[in-house]
Amino acid sequence: SRAALFEGGDKVKITFKDVAGLEEAKEEVQEIVEFLKNPSKFTILGGKIPKGALLVGPPGTGKTLLAKAVAGEADVPFFSLSGSDFVEMFVGVGAARVRDLFKQAKAKAPCIIFIDEIDAVGRSRSRGSVPGGNDERENTLNSLLVEMDGFGTDSGVIILAATNRPDTLDSALLRPGRFDRQISIDKPDINGRTEIFQVHLKPLTLGPDVDARRLSAQTPGFAGAEIANVCNEAALIAARRDKKMVTDQDFTDAIDRVIGGLEKKNKIISPGE
Ligand code: ATP
């Protein structure tokens, strides 16, 4: 991907039908879609559309996907950047990048700005901050706050941000007129997983013994990203076995492999636990 400053400004083809489950979250963002399609209809009566909403949930549950689908449904450009890139890659220039991004977005409005891992820039400023230390991140956060305050909803820019740690965010970000809405994106239950499997099974050539419901029963605790991974892995395993179709056995082996990968990752993240 273009890891440069930020991605974007292009239209996306992803729509709600690519996002399985998450019915409540889709309902909540529907208002944003309506607004982006026709901003003046909403502002003419004096109503204020929220500028930003926070998508809250564990990794891999479809937060990025949903944000893209909002842009796709409304047929507007999608800008995105990741909070951690900002802090790590752009030392000394974070604040300027934020200003640049908002300038470009306003020029292409109506549009969506998506900020992944906002906690990386948006951590509470009081938390363990040494006076004079970590100025870079604070400057970036301050410029984000300034930019958010600096445009009205009539500018047609909506900011969606993702986090799995809303408790760590600086309260200034959560004030009215900023990210004053939270939309929770939970891990899927068995029905949600079945729907996600159905989406990711669709492009594959499947044997007659493959059953989405049974696969979802075999994958408790999996998020959408892991399910997508299983489907891709199963197709690769079947290809390696010179098969003409992906069968249930390939999925069982793929699930084992993905579980193995998750276990390894957890070990690395929490040694000695
Ligand atoms: P992170 O917090 O790690 O950035 P995320 O919540 O933004 O994760 P996504 O990047 O949206 O997760 O999901 C990764 C991939 O997993 C998606 O591109 C998609 O292939 C698949 N996926 C996740 N959730 C769903 C879903 N609800 N329906 C269909 N596919 C999904």
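Residues numbered from 1 in each chain as written. Predicted model: local features only at pLDDT ≥ 70, side-chain atom pairs only at ≥ 80, totals over all residues. Heavy atoms only, no water.

In the nomenclature of an unreviewed UniProt entry, the protein chain corresponds to ATP-dependent zinc metalloprotease FtsH from the organism Hymenobacter sedentarius.

Draft legend 1. View of the overall build of the protein chain. Assigned secondary structure in the protein chain consists of 11 helices and six strands. Per-residue burial for the protein chain yields a buried fraction of 45% across its 273 residues. A fraction of 78% describes how many contacts in the protein chain between residues 6 or more apart in sequence connect residues 24 or more apart. Surface summary for the protein chain: the accessible area is close to 13,800 Å², and the carbon and sulfur share equals 51%. (Helix = DSSP H or I, 4+ residues; strand = E, 2+ residues; numbered from the N terminus. Buried < 20%, exposed > 50% of the residue type's maximum accessible area, 1.4 Å probe, protein only. Contact = heavy atoms within 4.5 Å. Areas by Shrake-Rupley, 256 points an atom, 1.4 Å probe, with all protein chains shown as cover.)

Draft legend 2. View of the nonpolar core. In this structure, Ile32, Leu36, Leu66, Val70, Ile112, Ile158 and Leu160 are the most contacted members of the largest nonpolar core, which totals 27 residues. Of all the secondary-structure elements, those providing two or more residues to this core are helix 1 (23-37), strand 2 (52-56), helix 3 (63-74), strand 4 (111-116) and strand 5 (157-163). In contact with Leu66, not counting residues within four places along its chain, are Phe16, Val19, Ala25, Lys26, Val29, Leu55 and Ile185. Judged by nonpolar contacts, the second largest core, of 25 residues, contains Leu81, Leu141, Met148 and Leu173. (Core = buried A, V, L, I, M, F, W, Y, C linked by side-chain atoms within 4.5 Å.)

Draft legend 3. Structural view of the site of the ligand. Looking at the ligand, there are 17 residues lining it, with Ala20, Gly60, Lys63, Thr64 and His200 nearest. Here a nitrogen atom of the ligand sits 2.9 Å away from a polar atom, N or O, in the main chain of Ala20. Contact distances for the ligand include 2.8 Å between an oxygen atom and a backbone N or O atom of Gly60. Protein contact buries 76% of the 630 Å² of open area that the ligand shows by itself. In a pocket analysis with a 2 Å cut-off to the grid points, the ligand is assigned to the largest pocket. For the shell around the ligand, a count of residues per class yields eight nonpolar, six polar and three charged. (Near = heavy atom within 4 Å. Polar contact = N/O pair within 3.5 Å; in protein donor to acceptor, adjacent residues only side chain to side chain. 1 Å grid on protein atoms, 1.4 Å probe; cavity = no way out; pocket = protein on both sides within 12 Å on 5 of 7 lines; lining within 4 Å. Sits in = over half its atoms within 2 Å of the grid points. Nonpolar A, V, L, I, M, F, W, Y, C, P; charged D, E, K, R; others polar.)

Draft legend 4. Structural view of the packing of aromatic side chains. Evaluation of the coordinates by the stated rule reveals one aromatic pair. A ring pair is formed by Phe78 and Phe114, whose centres lie 6.1 Å apart and whose planes are at 25 degrees; its orientation type is stacked. Within this pair, whereas Phe78 is found in strand 3 (residues 77-82), its partner Phe114 is found in strand 4, the two being separated by 36 residues in sequence. Accessibility classification places Phe78 together with Phe114 in one group, the buried group. (Phe/Tyr/Trp six-rings, centres within 6.5 Å; stacked < 30°, edge-to-face > 60°.)

Draft legend 5. Looking closely at helix 7 (residues 135-149). With 15 residues, helix 7 extends 21 Å between its outermost C-alpha atoms, agreeing within 8% with the 21 Å of an ideal straight helix rising 1.5 Å per residue. All of the buried residues in helix 7 are Glu136, Arg137, Glu138, Thr140, Leu141, Ser143, Leu144, Leu145, Glu147 and Met148. (Expected span 1.5 Å × (residues − 1).)

Draft legend 6. Focus on the pattern of salt bridges. For the structure shown, the criterion picks out 11 salt bridges. The partner of Arg181 in a salt bridge is Glu31, and the shortest N-O contact between them spans 2.9 Å. Here Glu31 lies in helix 1 and Arg181 lies in strand 6 (residues 179-184), a separation of 150 residues in the sequence. The residue Glu233 makes a salt bridge to Arg257 at a minimum N-O spacing of 3.0 Å. Linking Glu233 in helix 10 (residues 224-240) with Arg257 in helix 11 (residues 248-269), this pair joins segments that are 24 residues apart in sequence. One network of salt bridges, in which partners are shared, links Arg241, Lys243, Asp250 and Asp253. (Salt bridge = Lys/Arg side-chain N within 4 Å of Asp/Glu carboxyl O.)

Draft legend 7. Up close: helix 10. Here helix 10 spans 24 Å end to end across 17 residues, near enough to the 24 Å set by a 1.5 Å rise per residue. Buried residues of helix 10: Gly224, Glu226, Ile227, Val230, Cys231, Glu233, Ala234, Ile237 and Ala238, and no others. Positive phi appears at Asp242, one or two residues downstream of helix 10, with a value of about 55 degrees.

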